[in-house]
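# Understanding the architecture of this molecule
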Amino acid sequence: MNHQLKIATRNFFKKPVYSLITFFGFTIGISACLLIYLWVYKELSYDKFHLDDSRIYRVLTLSKQGNEIVKSAGCYAPVAATLKKDFPQIECAAFLYFSSESSPLQREEGGEKVEAESVWVNNDFFSIFNGFPFIEGNAFDAIQDPNGIILSERTARKLFGNKSALGKTLISDKYFKSIYTVRGVIRIPKNSHIDFGYMLTEANSTVKQYMNYWGDKPFVHVYIKLQKNAQIDPSFLQLASNQITKYSSRTDKLLFQPLADIHLYSDYTTSRFDQHISSYKYVWIFSGLAILIILMASFNFSVLSVARASERSVEIGVKKVNGAGRSQLIAQFMGESLFQTILASFLALILVGFSLPLFNQLSGTEISVHLSFKLVVNLILLILVVAVLAGIYPSFFMSFLNPKNIFQGGGISGSKTNFIRALVAVQFCIAIFFMIATGIFVKQLNYIRHKDLGLDHQNVVVIPTGLWYSNKAFKEELLQNPDVLSVSAGAAPIDAGWEVTLPLNHQGTIDSLTVSMYCVDEDFVKTYHLEIVKGKFLGMDYSTYWDEFSKANKGRKEGKEYTMSMPVVINESAEKMLGFENPIGQRIGEKVIVGVVKDFNFQTLYHPIGPVILMNDPQNIGTMNVKIASVKKAATLKYIRHVYQKYRDQRAFSYRFLDDLMQQEYSQDTRLRNITILFSLLAVSIAVLGILGMAVFSINRKIKEIGIRKVNGARVSEILTMLNKDFVKWVAIAFVIATPLAYYAMNKWLENFAYKTSLNWWIFAMAGVLALGIALLTVSWKSWKAATRNPVEALRYE
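Model, not experiment: these values are computed from the prediction. (Residues numbered from 1 in each chain as written. Predicted model: local features only at pLDDT ≥ 70, side-chain atom pairs only at ≥ 80, totals over all residues. Heavy atoms only, no water.)

## So, the overall build of the protein
What counts, and what does not: The secondary structure listing takes helices from DSSP runs of H or I that are at least 4 residues long and strands from runs of E that are at least 2 residues long, numbered from the N terminus. Per-residue accessibility, obtained with a 1.4 Å probe over protein chains only, is compared with the maximum for each type, and a residue is labelled buried under 20%, exposed over 50%, and partly exposed between these values. Computed by Shrake-Rupley with a 1.4 Å probe, the accessible areas treat only the displayed protein chains as cover when residues are assessed.
Regarding its fold elements, the protein presents 26 helices and 24 strands. Residues classed as buried in the protein amount to 53% of the 798 residues present. Taken as a whole, the protein presents about 36,500 Å² of accessible surface, with 57% of it coming from carbon and sulfur.

Below, the structure is given as structure tokens:
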């Protein structure tokens, strides 16, 4: 063992160029592999910190939308209690009722107001989600107090800093003044799909009131925890699927999704209250990237080791003549591979530590390195696998060399030379694949950024106000600033509508229509520059709205049925789905169509445009959409803050640009682009190291040939052509192989989008030209040095 270590060390320093090329290739490859391993490990850890997580399921709903069935995370609060009552295999059932907008919280003794997202839960929440530890207080005390409030650690730190929050009094003036006592502080792990600012439990009278409310489906999530050894079998699923119909007039069906699947396997439009939703596709993609990178680094070792075989042939021949067997030679070369892999791994760990901040920034994660037992074991396995991959071919190749041929001056045969050149071609094939993928990612994201969505979303500031129908004075004062171009009230940002199911009486048949509904005011069209194609837009007649409610209430008291007539505007997709020859004046339940607007993209470009209803509901327009000029934004925002504090001094001022909210929907693809760019650079770097080593080997073998050619009058350009043409051939082969593979892979990725860019030929051509240019630049400096060398130096010993 000591003897082999000495030989490995001696050979490492004997040829420093070869050794450093291999060593840095290994280091880069293992660093990339470790980074991706840490990322994948975190992706697979989401929501698994709860005890018995395998017994926890989220309750999904299936709703009819025209001829389609739509799956949704939204449910109804009473489903939790009814499932627990009707099915003994269910141990616990919890609902989470999220607020449509954040709420202001302030310490009783004064201080800055903090906006926080609220959630209402029943008491089973703590039996299911026991992975949210109480860092102050406990669950038992927290659920007893009707005025108790449970804060997330993040909210507690905003309000009280590092001081204890337990027992402190908080005031909220969201709609009316509420006073709470802090009964607990919960830590929410970063790998949780559930997040909130504060929590109220069923001891609170308002929460208790909503426990039996069959409404607000988009804001409610329901979870169950099975008894030990219980399963979601077909018989259970058949009975439970009709639970909503059993207790209400709704026709939604139920499904059950394992908790651990929510982060990566949600094959539906996820709720806007879900956090950190990703896809298993990215885990496979990045794992594939890691494998490709590590293969490239291993190929480098194989290429250079085989290339050096002719220089080490005498060493191998002497050992064989002195009785060394094949197993001993294989062990020696595998030992050298293991030696370099171990060195590279230690350097890679250091490099990963330094590069993690950049990687976290590019990938949008918060990964850290902790030398756990599992990480150490996986690192050892990685070292062994890489060492075997890198060393297996050169070990067997060199151990099979014939001593007789060695001492007769035999070298590497043409077939072996072609093989190691083919390995270089494989490296460039991977590098070209990455270049093409990067080009497509960038092009699609640019397409998303600049596509005409059918509405003007530039420079729109979204501000939660909670002013409802008392927003007229606020709007008028904002418009006094010439840089405020338009103001429209709405229930939420345009990308966060409510999914509703409405009864539809069409040609004598009763059906249901699932649509996205947005509550907006009369200035919505002006603010977003929508095009009205039929009828008119909504008016600002709140008296009619309240009159309709009064008539309906009066009718219920008198035992008479009164169908309200609420004006709504639909989009062209809804008009097409409804099939009305003339939609103006037609009814959808209690709603009467007064206008049709041209289709606009209200969801991400993953989805085609669906049916939309726009309604002026004064009870649900607590958000302001302020269109501002593109100049003097800072001064305009300062003015908006001033007006806001004048009308809403009890709330903290917060805002987001709509563009930022919309781009956030593509964060996964942006991260994919960033990481692909990073690994494209790594792949190209490793390919450059491989072709550089191959060039050094190839040119060294032809030093005498170059000298003879120069003596016989060959020009430098002719020698450069001779030395470079083989590399051009293999890069061309790599391009031919990589192009169809990249086309197939990127075409599959683009299938995720309803609206997508085209796979232009020039992206593939540019990747090929770039790869060829990199190869020629890498080889040419060594070729130029050999071509301009004095031939006497090469031939002096002949």
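The structure having been displayed, the exposition proceeds.
## Describing the sheet that holds strand β23 (residues 623-628)
Note: strands within a sheet are paired through backbone hydrogen bonds, in either parallel or antiparallel orientation. Filter applied, for reference: Here a strand pair is declared whenever DSSP counts at least two bridges between the two strands.
Overall, antiparallel pairing links the 4 strands, which are arranged β15-β23-β14-β24 in an open sheet. At either margin of the open sheet sits one strand with a lone partner, and together these are β15 (484-490) and β24 (656-657). Judged from the 2 bridges that link them, strand β14 (residues 460-464) and β24 form a sheet pairing that is antiparallel. Bridge pairing in β24 places Val-462 opposite Arg-656.

## Details of the nonpolar core
Short version of the rule: Nonpolar cores are built from buried Ala, Val, Leu, Ile, Met, Phe, Trp, Tyr and Cys residues. Side-chain atoms within 4.5 Å join them into one set. In what follows, residue pairs with any heavy atoms lying within 4.5 Å of each other are defined as contacts.
Formed by 99 residues in total, the largest nonpolar core has its most connected members in Phe-428, Phe-537, Leu-614, Phe-679 and Trp-749. For this core, the element with the most residues is helix α15 (residues 414-450), which contributes 14 residues. Non-local contacts of Leu-614, meaning those with residues more than four positions away in its chain, are made with Tyr-518, Val-520, Phe-524, Leu-530, Phe-537, Leu-538, Val-568, Val-569 and Val-597. The next biggest cluster of nonpolar side chains, apart from the first, holds 67 residues, and it includes Cys-75, Trp-120, Val-182 and Val-185.

## Considerations on the pattern of salt bridges
Any two side chains of opposite charge can pair, so long as their charged atoms come close to each other. To keep things clear, this is the line we draw: We define a salt bridge as a side-chain nitrogen of Lys or Arg found within 4 Å of a carboxyl oxygen belonging to Asp or Glu.
For the structure on display, the rule yields 23 salt bridges. The residue Asp-52 makes a salt bridge to Arg-55 at a minimum N-O spacing of 3.0 Å. Across the pair Asp-86 and Lys-246 runs a salt bridge, and its minimum N-O distance is 3.2 Å. Note that Asp-86 is positioned in helix α3 (residues 78-86) and Lys-246 in helix α9 (residues 243-247), a separation of 160 residues in sequence. Relative accessible area serves as the criterion here: at 23%, Asp-86 is assigned to the partly exposed category. Given a relative accessible area of 55%, Lys-246 falls into the exposed group.

## Concerning helix α20 (residues 633-647)
Applied cut-off: Expected span, for any helix, means 1.5 Å times one less than how many residues it has. The arc refers to the directions leading from the helix axis to the C-beta atoms.
End to end, α20 covers 21 Å across 15 residues, agreeing with the expected 21 Å (1.5 Å per residue, within 8%). Three or more residues of α20 are buried, namely Thr-636, Leu-637, Ile-640, Val-643 and Tyr-644. When α20 is viewed along its axis, its buried side chains cluster within an angular range of 125° and face the same direction. Along α20, exposed side chains directed more than 90 degrees from the buried face belong to Ala-634, Lys-638 and Lys-646. In this structure, the buried residues of α20 make contact with β5 (114-116), β14, α16 (472-478), β15, β23 and β24.

## Overview of the pairing of strand β10 (residues 178-186)
Of all the 9 residues making up β10, 7 are buried; the element is thus mostly covered by neighbouring parts of the structure. With 3 bridges connecting them, strand β7 (residues 134-137) and β10 associate as antiparallel partners. Bridge assignment links Phe-134 to a residue of β10, and that residue is Ile-186. Pairing analysis gives 5 bridges linking strand β8 (residues 148-152) to β10, with the strands arranged parallel.

## Brief notes about the environment of Arg-107
As a reminder, the rule being used: What qualifies as a polar contact is a pair of N or O atoms within 3.5 Å, subject to a donor-acceptor requirement within protein and to the restriction that residues adjacent in sequence count only when both atoms come from side chains.
Mapped onto the secondary structure, Arg-107 falls in strand β4 (residues 103-107). The partly exposed category is assigned to Arg-107, whose relative accessible area is 23%. Along the primary structure Arg-107 and Thr-169 are separated by 62 residues, whereas in three dimensions their C-alpha atoms are 6.3 Å apart. Reaching out from Arg-107, the side chain makes a polar contact with the backbone oxygen of Leu-159 at a distance of 2.5 Å.

## A few points about a nonpolar patch on the surface
Where we set the bar: Two distance rules govern patches: like charges are joined within 9 Å, and nonpolar side chains (Val, Leu, Ile, Met, Phe, Trp, Tyr) within 5 Å, applied only to residues with over 30% relative accessible area and no salt bridge.
There is a patch of nonpolar side chains on the surface, built from Val-369, Leu-371, Phe-373, Val-376, Val-377, Ile-380, Leu-381 and Leu-384 and spanning about 740 Å² of accessible area. Here Leu-381 shows up in helix α13 (residues 373-399).

## With respect to the packing of aromatic side chains
This is how it is decided: Aromatic rings from Phe, Tyr and Trp, taking only the six-membered ring of Trp, are treated as a pair when their centres fall within 6.5 Å; an angle between ring planes under 30 degrees marks them as stacked, one over 60 as edge-to-face, and anything in between as tilted. Counted as over-ring charges are cases with an Arg CZ or a Lys NZ within 6 Å of the ring centre that also lie within 35 degrees of the ring normal.
Scanning the model with the defined rule gives 30 aromatic pairs in all. Between Trp-39 and Phe-286, the ring centres sit 4.4 Å apart and the planes meet at 85°, which makes this aromatic pair edge-to-face. Of this pair, Trp-39 sits in helix α2 (residues 16-43) while Phe-286 sits in helix α10 (residues 280-307), and the two are 247 residues apart along the sequence. Seen in terms of ring centroids, Phe-126 and Phe-134 are 5.7 Å apart; in terms of plane orientation they differ by 40°. Their pairing is tilted. In textbook terms, an aromatic cluster arises when at least three aromatic residues are bridged by ring pairs, as seen for Phe-49, Phe-125, Phe-126, Phe-129, Phe-132, Phe-134, Phe-196 and Tyr-223. The ring of Tyr-755 has Lys-451 sitting right over it, with the charged end atom 4.7 Å from the ring centre. Against the face of Phe-657 rests Lys-633, its NZ or CZ located 5.3 Å from the ring centre.

## Quick word on the side chain of Thr-82
With respect to the secondary-structure elements, Thr-82 resides in helix α3. Those residues in contact with Thr-82 that sit more than four places away from it in its chain are Gln-243 and Tyr-247.

## Considerations on the confidence of the model for the protein
Stated precisely, the cut-off is as follows: What pLDDT conveys is the predictor's confidence in a given residue, as a value from 0 to 100.
Mean pLDDT for the protein: 80, with 82% of residues reaching 70 or above. Ranking the elements of the protein by mean pLDDT puts helix α14 (residues 403-407) last, at 53, and strand β12 (residues 220-226) first, at 95.

## Things to note about helix α24 (residues 716-750)
What counts is decided by this rule: We define the bend at each residue as the angle formed by axes fitted to the 7 residues ending at it and the 7 residues starting at it.
When the terminal C-alpha atoms of α24 are compared, their 48 Å separation across 35 residues agrees well with the 51 Å that a helix rising 1.5 Å per residue should span. Helix geometry: α24 is bent most strongly at Asn-724, by close to 35°.

## Concerning the pairing of β12
Of all 7 residues in β12, 7 are buried, a share of seventy percent or more. Of the two faces of β12, both are covered, the one formed by Val-220, Val-222, Ile-224 and Leu-226 as well as the one formed by His-221, Tyr-223 and Lys-225. In terms of strand pairing, strand β3 (residues 90-98) meets β12 through 7 bridges, oriented antiparallel. Bridging across to β12, Phe-95 finds its partner in Val-222.

## Observations regarding unusual backbone geometry
We note that Asp-47 has phi near 65°; this positive angle belongs to a residue other than glycine. For Asp-216, which is not glycine, the phi torsion reads 55° and is therefore positive. For Asp-216, the location among the structural elements is in the loop between α7 (205-210) and β12.

## Points about the environment of His-276
Tracing the chain through its elements places His-276 in the loop between β13 (253-258) and α10. Placed 81 residues apart in sequence, His-276 and Asp-195 show a C-alpha to C-alpha distance of 9.8 Å. The contact partners of His-276, leaving out residues within four places of it in the chain, are Tyr-46, Lys-190, Ser-192 and His-263.

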